[in-house]
Amino acid sequence: MGILSKIATNNGHGEDSAYFDGWKAFDRNPFHPTQNPGGVIQLGLAENQLCFDLIKDWITKNPYASICTAEGVEDFKDIAIFQDYHGLPEFRQAVAKFMGKGRGGRVTFDPDRIVMGGGATGANELIMFCLADPGDAFLVPSPYYAAFDRDLSWRTRVQIVPVHCDISNNFKITREALEAAYERAQEASINIKGLIITNPSNPLGTTLDRDTLKSLVSFINDKNIHLVCDEIYAATVFSSPKFTSVAEVIQEMDCNRDLIHIIYSLSKDMGLPGFRVGIVYSFNDAVVDCARKMSSFGLVSSQTQYLLASMLSDDEFVDNFLVETSKRLAKRHHNFTKGLEQVGINCLKSNAGLFFWMDLRHLLKEKTLEGEIALWRTIVNDVKLNVSPGSSFQCTEPGWFRVCFANMDDDTLQVALDRIAAFVQQDKESEKPTKKRWQQNLRVSFSSRIYEQGVMSPHMMSPHSPIPQSPLVRART
């Protein structure tokens, strides 16, 4: 009999995937412009570091917003003592207001429906616990966020049924694809409880148009199943078309609102993943009540609530922040993708998020998943760039990679572009199908049920694991 539980020791975390192996490679050899210029550059972290100067400036001008300053210490006791799991009223009001602003003011949110979770990871797991039993399943259009298997399934025992989308229509979700996946699940006696979408999309960086959203709502309404909309990148839209929330669409439709739920977070739009602010917003009263009780296991600290309540209530700051972050994301996205175009690399057209979907199909030595992983190994090990292969996102077409662009400074971006240019140039000059130089010392391993090459030590933990050795503990990337 094992000492540890099955739920703690099963492979549901997904730690043995290329997605997490890339993180381990960066963790072992992180790039630094002077101390380690030959290290791995982190292009696998979806983090918005472009507007910290605006937040720092606000904090400097508003010291009373923290209970740990001379100006704010008078409120220390009231905030430090026990707070119930409803959250500070002013915090819920501020978050609801910010959610509305981030959606262009076209929809309002009820503070009484705001339920806290430990980041978007905790919020996604929380809604699964509320809506499904072990063995039930959710449809998820692919490619989808690489850690959804962990967030949605690991502890809840809920299954994910991919709805495969492809480049033939720019990975758009269709009613036909949904119906086909639903029917296959029915034939396999799998109980479908709902559909989960990310809008804007992670990893594509695209937004769903109004007609597609209406089609999705109609689909779940006809099947009487839930629709969970992960909208954590709502305010990262940097070019047209504008973002449309499911909350807007259902105002125009005759549908069962009890089936509609939104996941939100301040990790991406505000660039504050370390604050672990996740939100479940449901139009179903019973779900709100259940989620609030279950949220006791993943609350946001009252100190964090207090600070953010003040910051997000400052209309002038919020309005300027949303405009400025959009401008800076647009500029960074443009500079990176145009730099790639100069060396013959194209990307899926995108307008949101902190990443883009890079097309390296022309660099594959063989157009298979094995070929994709071989190329990924070369990029991580020898080009020293941690990009995430499409297979980690359940993409069925080999050769696509997610690249994050907002978590570094301009100089590091240029180094990354220079490395890519050098790699592409050498690929062009080589007459051999595979260059031995790029195959040597492949230190990064990838293991799964499909690939059984070079397995990492079972004692090597992911940077997502809560251990002090890892300086990059991220629960949601």
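Quick summary incoming for the structure in this document. (Residues numbered from 1 in each chain as written. Predicted model: local features only at pLDDT ≥ 70, side-chain atom pairs only at ≥ 80, totals over all residues. Heavy atoms only, no water.)

## Notes on the overall build of the protein
So, step 1. Broken down by element type, the protein carries 16 helices and 13 strands.
So, step 2. The buried share of the protein, taken over its 477 residues, is 56%.
So, step 3. Taking the intrachain contacts of the protein between residues at least 6 apart in sequence as the baseline, contacts between residues at least 24 apart amount to 75%. (Helix = DSSP H or I, 4+ residues; strand = E, 2+ residues; numbered from the N terminus. Buried < 20%, exposed > 50% of the residue type's maximum accessible area, 1.4 Å probe, protein only. Contact = heavy atoms within 4.5 Å.)

## What to know about helix α9 (residues 210-223)
So, step 1. When the terminal C-alpha atoms of α9 are compared, their 20 Å separation across 14 residues agrees well with the 20 Å that a helix rising 1.5 Å per residue should span.
So, step 2. For α9, the set of buried residues is Thr212, Leu213, Leu216, Val217, Phe219 and Ile220. Down the axis of α9, the buried side of the element spans an arc of 155°, and every buried residue falls inside it. In α9, the exposed residues that point more than 90 degrees away from the buried face are Asp211 and Asp222.
So, step 3. Buried residues along α9 sit in contact with β3 (137-142), α8 (175-187), β5 (192-198), β6 (226-230), α10 (246-249) and β7 (260-265).
So, step 4. If you check the start of α9, you find a side-chain oxygen 3.1 Å away from the backbone N of Asp211, and it comes from Asp209.
So, step 5. After α9 finishes, the residue Asn224 shows a positive phi value of roughly 60°. (Expected span 1.5 Å × (residues − 1). Arc of directions from axis to C-beta. Polar contact = N/O pair within 3.5 Å; in protein donor to acceptor, adjacent residues only side chain to side chain.)

## Looking at helix α12 (residues 302-312)
So, step 1. Taken across its eleven residues, α12 has ten buried, putting it largely inside the fold.
So, step 2. Buried within α12 we find Ser302, Thr304, Gln305, Tyr306, Leu307, Leu308, Ala309, Ser310, Met311 and Leu312.
So, step 3. Contact partners of the buried residues in α12: α3 (52-61), α4 (76-80), α5 (89-102), β2 (114-118), β8 (277-282) and α13 (315-341).

## Here we look at the sheet that holds strand β10 (residues 355-359)
So, step 1. With respect to topology, four strands assemble into an open sheet ordered β9-β10-β13-β12, the strand pairing being antiparallel. Edge positions in the open sheet fall to β9 (346-347) and β12 (388-389), since each of these has one partner strand only.
So, step 2. Pairing between β9 and β10: two bridges, direction antiparallel. Across the sheet, Cys347 pairs through a bridge with Met358, a residue of β10.
So, step 3. Helix α14 (residues 369-381) rests against β12 and β13 (400-404) of the sheet, and its axis sits at about 35° to β13. (Pairing = 2+ DSSP bridges. Axes fitted to C-alpha atoms, helices over the stretch in contact; angles between N-to-C directions.)

## Quick word on the packing of α8 against α9
So, step 1. One can describe the packing of α8 onto α9 by two numbers: an axis separation of 10 Å at closest approach and a directional angle of 30°. Put simply, α8 runs roughly parallel to α9. The hand of the α8/α9 crossing is right-handed. Facing α8, whose interface residues are Arg175, Leu178, Glu179, Tyr182 and Glu183, α9 presents Ser215, Leu216, Ser218, Phe219, Asp222 and Lys223. (Parallel < 35°, antiparallel > 145°, perpendicular 65-115°, else oblique. Left-handed = near helix turned anticlockwise from the far one by under 90°.)

## Observations regarding the packing of α5 against α13
So, step 1. Where α5 contacts α13, the two axes come as close as 11 Å, and the packing angle between them is 35°. Taken as a pair, α5 and α13 cross one another with a handedness that is right-handed. Listed contacts from α13 to Lys97, Phe98, Lys101 and Gly102 of α5 are Asp315, Val318, Asp319 and Leu322.

## Focus: the sheet that holds β3
So, step 1. In space, the seven strands of this open sheet follow the order β2-β8-β7-β6-β5-β3-β4, with mixed pairing throughout. For this open sheet the edge positions go to β2 and β4 (159-164), each flanked by a neighbour on one side alone. The sheet shows a mean angle of 25° between the axes of neighbouring strands, taken without regard to direction.
So, step 2. Note: β3 against β4, six bridges, orientation parallel. Counted as the bridge partner of Val140 is Pro162 from β4.
So, step 3. Against the sheet, α9 makes contact with β3, β5, β6 and β7, and its axis sits at roughly 170° relative to β5, the strand it touches most.

## Considerations on the nonpolar core
So, step 1. Membership of the largest hydrophobic core comes to 152 residues, with the highest contact counts inside it found for Met270 and Phe336.
So, step 2. The biggest single contributor to this core is α13, with seven residues.
So, step 3. Among all residues touching Met270, those that are not within four sequence positions of it are Ile55, Phe98, Met311, Leu312, Phe317 and Phe321. (Core = buried A, V, L, I, M, F, W, Y, C linked by side-chain atoms within 4.5 Å.)

## Topic: unusual backbone geometry
So, step 1. Residues Asn199 and Pro200 are joined by a peptide bond in cis, for which omega reads 0°.
So, step 2. Here Pro200 is to be found in the loop between β5 and α9.
So, step 3. At the junction of Ser240 and Pro241, the peptide bond is cis and its omega measures out at 0° in the coordinates.
So, step 4. Tracing the backbone through its elements, the reader meets Pro241 in the loop between β6 and α10.
So, step 5. Although it is not a glycine, Arg157 sits at a positive phi angle of roughly 65°.
So, step 6. Note that Arg157 resides in the loop between α7 (148-153) and β4.

## Digging into the pattern of salt bridges
So, step 1. In this structure the tally under the stated criterion is 23 salt bridges.
So, step 2. As a salt-bridge pair, Arg103 and Glu231 come within 3.1 Å of each other at their nearest N and O atoms. Of this pair, Arg103 sits in the loop between α5 and β2 while Glu231 sits in the loop between β6 and α10; the two residues are 128 residues apart in sequence, bridging distant segments of the chain. Across this residue pair, the class does not change: Arg103 and Glu231 are buried. (Salt bridge = Lys/Arg side-chain N within 4 Å of Asp/Glu carboxyl O.)

## Thoughts on the environment of Asp151
So, step 1. Within the element layout of this structure, Asp151 appears in helix α7.
So, step 2. A polar contact is formed between the side chain of Asp151 and the side chain of Arg150, at a distance of 2.7 Å.

## So, the packing of aromatic side chains
So, step 1. Taken as a whole and assessed by the stated rule, the structure comprises 17 aromatic pairs.
So, step 2. A ring pair is formed by Trp58 and Phe317, whose centres lie 6.0 Å apart and whose planes are at 45°; its orientation type is tilted. Note that Trp58 is positioned in helix α3 and Phe317 in helix α13, a separation of 259 residues in sequence.
So, step 3. For Trp58, a relative accessible area of 5% gives the class buried.
So, step 4. Put simply, the rings of Tyr19, Phe20, Phe171, Trp357, Phe393 and Trp400 pair up and form one aromatic cluster.
So, step 5. The ring centre of Tyr264 lies 4.8 Å from the NZ or CZ of Arg103, which sits over that ring. (Phe/Tyr/Trp six-rings, centres within 6.5 Å; stacked < 30°, edge-to-face > 60°. Lys NZ or Arg CZ within 6 Å of the ring centre and 35° of its normal.)

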